[in-house]
Amino acid sequence: MPVTSEATTTWNGSLMEGSGNVAFSSSNLGTFPINWKARSEGSDTTTTPEELIAAAHSSCFSMALSNALADNGTPPERVNTTASVTFKPGVGITGSHLNVNASVPGLTPEQFQEIAEGAKTGCPVSQALAGIDITLEATLA
């Protein structure tokens, strides 16, 4: 059965001077502020579409990798993934870099790299981001 997830954004004003908030329908996390300055210059207090994509990519990849490792007979003890999504004003989103470190008993670094590459390709968010460069750095703890 398909599941549909929703987020709602309210934006006020023009791109450069305006701002808004994004909220997720499935949680009580509240709203997150967004604006162009944070998107084009970075911010420690305001989220961006790219940060939200990074959250989706890191969580999806972690799940795909955990599943692939279990299917291999080597379930992970821990998977820690950071996705870094790059946005270039005037160009758009140019890439996502996955940096994963995991504790997986019984695997060599080469085996882990191979399984991680497969998870990167099979991850539904990676597939949705097929128009950008997706790179992977995978290490065992």
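Residues numbered from 1 in each chain as written. Predicted model: local features only at pLDDT ≥ 70, side-chain atom pairs only at ≥ 80, totals over all residues. Heavy atoms only, no water.

J.: Outline the pattern of salt bridges, supporting the account with residue identities and numerical values.
T.: Pairing between side chains becomes possible if they bear opposite charge and their charged atoms approach one another. Evaluation of the coordinates by the stated rule reveals two salt bridges. Two residues, E50 and R39, come together in a salt bridge whose shortest N-O distance is 2.7 Å. Linking E50 in helix α2 (residues 49–71) with R39 in helix α1 (residues 36–41), this pair joins segments that are eleven residues apart in sequence. On the basis of relative accessible area, E50 is assigned to the buried category, the value being 4%. For R39, a relative accessible area of 27% translates into the label partly exposed. The salt bridge partner of E117 is K120, with a shortest N-O separation of 3.5 Å. (Salt bridge = Lys/Arg side-chain N within 4 Å of Asp/Glu carboxyl O. Helix = DSSP H or I, 4+ residues; strand = E, 2+ residues; numbered from the N terminus. Buried < 20%, exposed > 50% of the residue type's maximum accessible area, 1.4 Å probe, protein only.)

J.: Now, about the environment of V3: what can you tell me, with residues and values included?
T.: Position of V3 among the secondary structure elements: in the segment before β1 (7–12). Taking the relative accessible area as the measure of exposure, V3 reaches 73% and is therefore exposed.

J.: Provide a residue-level description of the packing of α2 against helix α3 (residues 109–122), including the pertinent values.
T.: Direction vectors running N to C along α2 and α3 enclose 130 degrees, while the axes themselves pass 9 Å from each other. By the angle between their axes, α2 is oblique relative to α3. Classified by chirality, the crossing of α3 by α2 is right-handed. Side by side, α2 and α3 meet where F61, A64, L65, A68 and L69 of the first sit next to F112, I115, A116, A119 and K120 of the second. (Axes fitted to C-alpha atoms, helices over the stretch in contact; angles between N-to-C directions. Parallel < 35°, antiparallel > 145°, perpendicular 65-115°, else oblique. Left-handed = near helix turned anticlockwise from the far one by under 90°. Contact = heavy atoms within 4.5 Å.)

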